[in-house]
Amino acid sequence: MKKLIAILAIVVMIVTFVRVVPSVQGETVKTIVVYVGKTTGTIDGKSTTLDQAPVIVNGRTLVPIRFISEAFGSTVEWNGSTREVTIKLLNNTIVLKIDSPTATVNGYTVYLDAPATIIKQTGRTVVPLRFVSDSLGADVTWNATDKSVTVKFSEDWVKNPAEITFWHAMQAALGKALTKLIDEFNATHPRYKIVQTAIANYTSLQQKTTAAVASGQPPVLTQAYENWVANYMLGNLLTPIEKFVKDPSMGLSQSEINDFFPIMWKDGYMPDGKMWMMPFNKSVEVMYYNIEMLKEAGFDHPPRTWDEFATMVKALTKSDGSQWGASIGGDVDLWYAMVHEWGGRVLTDDYKNVLFDKDPNVLNMVTFMNDLYKNGYIHFTTGYNYQTDFGNKKCAFVIASTASYTYIDQAVAGKFKWAQAPIPAGPKGQYTVMYGTNVVIFGQKYSAVVQRGAWDFVKWFDAPYQTARWSIDTGYLPVRKSALDLPVFKQFLASNPERKAGFDSLNFAIIQPPTKEWNQARSDIGAELQKIYLQKISPADGIKELGAKLRSYIH
């Protein structure tokens, strides 16, 4: 019996070995090395001559597409009448039009770093190096020392794309918009496959990710708020995003970095000075208002200050209780912004000391708001009931993220005209809070190829054309300044001028503390505001109680 077991064990080992070895041996990688300005190169180590050397135009490296494509086994067709190059490789079809800033990959429009162009001296077409990597599923490395470009390709990479797990909390219209972009990325980047898992809400996403980190099995990519990341960093599985940003072969140029809205780029940094996150679905808090209700009450513009707001909500409130001025809950983000608007600060700049409860300006602000609640001019709501109130014309104002646009639109259902406006200004200035999550990469558990695929997706998602379309479909803000100059976005804003409120607010947006303690603080602040605004405790006692509570773990 023991002999039989031993023999079976040996057989299993042999079968296992036989199953593994072919997949390793079967991966044939073709390697091409070419040099900028030179017509000599190598294919799999053998010298070859090119009829067109790679060139650098406006800081972009352009490579001869026919030479590289055919070396990989592609078919290349030229249409002189349309000036188009069609490349077919496995199940992928790429169409390039000369001097056009776009190409099509498997039916999707792709914006190029630089247009495909024909070199007059040789008549050969050159295209951006990055396009080769993305559309063919190749691995491209740039060596600045000898100005060489190494391009590697294996059919196996395209036939068996590297899977990148991505957890997120985008639902309804937001989820559909994200799925559309993920499908496009997968189709235009054949080496990778983003496998998404949609979690019900942010709370569940945080809990699931925290548990996955604890078990050592996190997803490759996930959405994350700043204070969540402070905890994720403790698991030693998270990779600083700056590793990818600074990589000479796949990172971002300084001009690309400068194209991000400064506050969104800054939001990726943690107190240790490292950049751990990239902006993903970013928004700011704005005011939504019923244009028709304001007009009927004699107002021709939304409130620009909180004093104007107080005047308007009083005028809009009906004595029979059927209508009130605004529906606002224990909004921590609004409170945080208003503390600044009244000249206060919540914490010290190093996030280690509590300040707000010792500042009379903060008490004045909370008292101001509490009076409006106490007199029925603001209705206290929980969850997303403010959307229902607004859609049913129970109130004229609500405060929410720009990304609430699709939900507000659904609640209103065409019953009246409405718009967005920046948060009103306080006595000491105007502020709003940066909303939305960033995205992080848990790279320590995964291969270099998977990490690169995750980074390629993040970089692609944040590119001007993608971030513009994401904004149009969801209400989130583009993360890149140049997205605002794209024809598709200019046309959108011309047709939807009210959506400019979010962009107008970026100049005075602020970021909340990126610390692990802030997650608990948000919960405590929301609970205390509810007690105050529901008249269960006075503003003075509530602020005092809240300060003591936060000080017990923030120090």
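Above this note sits the structure.
Quick caveat, the model's predicted, so the values are computed rather than measured.

Rules and cut-offs
Numbering of residues starts from 1 in each chain and follows the order in which that chain's sequence is written. This being a predicted model, a pLDDT of at least 70 is required before a residue's local features are given, and a value of 80 or more before pairs of side-chain atoms are given or counted; all residues contribute to the totals for chains, interfaces and linings. Values reported for side chains reflect all heavy atoms of the structure, with hydrogen atoms and water molecules removed beforehand. Between any two strands, pairing holds if DSSP finds at least two bridges. Only DSSP runs of H or I reaching four residues or more are called helices, and only runs of E reaching two or more are called strands; each is numbered from the N terminus. Inter-axis angles, ranging from 0 to 180 degrees, are taken between N-to-C directions of lines fitted to C-alpha atoms, where helices are fitted over the stretch in contact. Put simply, angles under 35 degrees are roughly parallel, angles over 145 are roughly antiparallel, angles from 65 to 115 are roughly perpendicular, and the rest are oblique. Put simply, a crossing is left-handed when the front helix is turned counterclockwise from the back one by less than a right angle, and right-handed when it is turned clockwise. Whether two residues are in contact is decided by their heavy atoms, any of which lying within 4.5 Å being enough. In this classification, the charged set is Asp, Glu, Lys and Arg, the nonpolar set is Ala, Val, Leu, Ile, Met, Phe, Trp, Tyr, Cys and Pro, and all remaining amino acids, among them Gly, are polar. Relative accessible area decides the class of each residue, using a 1.4 Å probe on protein chains only: under 20% of the type maximum gives buried, over 50% gives exposed, and in between gives partly exposed.

Draft legend 1. Quick look at the sheet that holds strand S4 (residues 55-57). Ordered by their spatial adjacency, four strands build an open sheet running S4-S5-S12-S11, and the pairing between neighbours is antiparallel. A single partner strand is all that each edge strand has here, and the edge strands are S4 and strand S11 (117-119). Strand after strand, the sheet turns through a mean of 45 degrees between neighbouring axes, direction not considered. With three bridges joining them, S4 and strand S5 (residues 60-64) adopt antiparallel strand pairing. The residue of S5 that forms the bridge with Ile56 is Thr61.

Draft legend 2. Just the packing of helix H14 (residues 360-374) against helix H22 (residues 539-551), in detail. At a minimum axis distance of 9 Å, the contact between H14 and H22 shows a crossing angle of 130 degrees. Classed by the angle they form, the pair H14 and H22 counts as oblique. Once H14 is placed against H22, the crossing between them reads as right-handed. In this structure, H14 contributes Val362, Leu363, Val366, Thr367 and Asn370 to the contact, and H22 contributes Pro539, Ala540 and Ile543. Residues belonging to the contact of H14 with H22 are distributed by class as follows: six nonpolar, two polar and no charged.

Draft legend 3. How the structure looks around helix H3 (residues 129-136). Counting buried residues in H3 gives eight out of eight residues, a clear majority hidden from the surface. Listed in full, the buried residues belonging to H3 are Leu129, Arg130, Phe131, Val132, Ser133, Asp134, Ser135 and Leu136. Two residues or fewer past H3, Gly137 is found with a positive phi of approximately 80 degrees.

Draft legend 4. Representation of the sheet that holds strand S9 (residues 102-105) in the model. Strand order across the open sheet formed by five strands is S6-S7-S8-S9-S10, with antiparallel pairing between neighbours. Looking at the sheet topology across the chains shown, the edges are occupied by strand S6 (75-79) and strand S10 (108-111). For this sheet, the mean angle separating the axes of adjacent strands, direction not counted, is 20 degrees. As paired strands, S9 and S10 are joined by four bridges and run antiparallel to one another. Pairing of Val105 across the sheet is with Tyr108, part of S10. Set on the sheet, H3 makes contact with strand S7 (84-89), strand S8 (92-97), S9 and S10; between it and S8 the angle comes to about 155 degrees.

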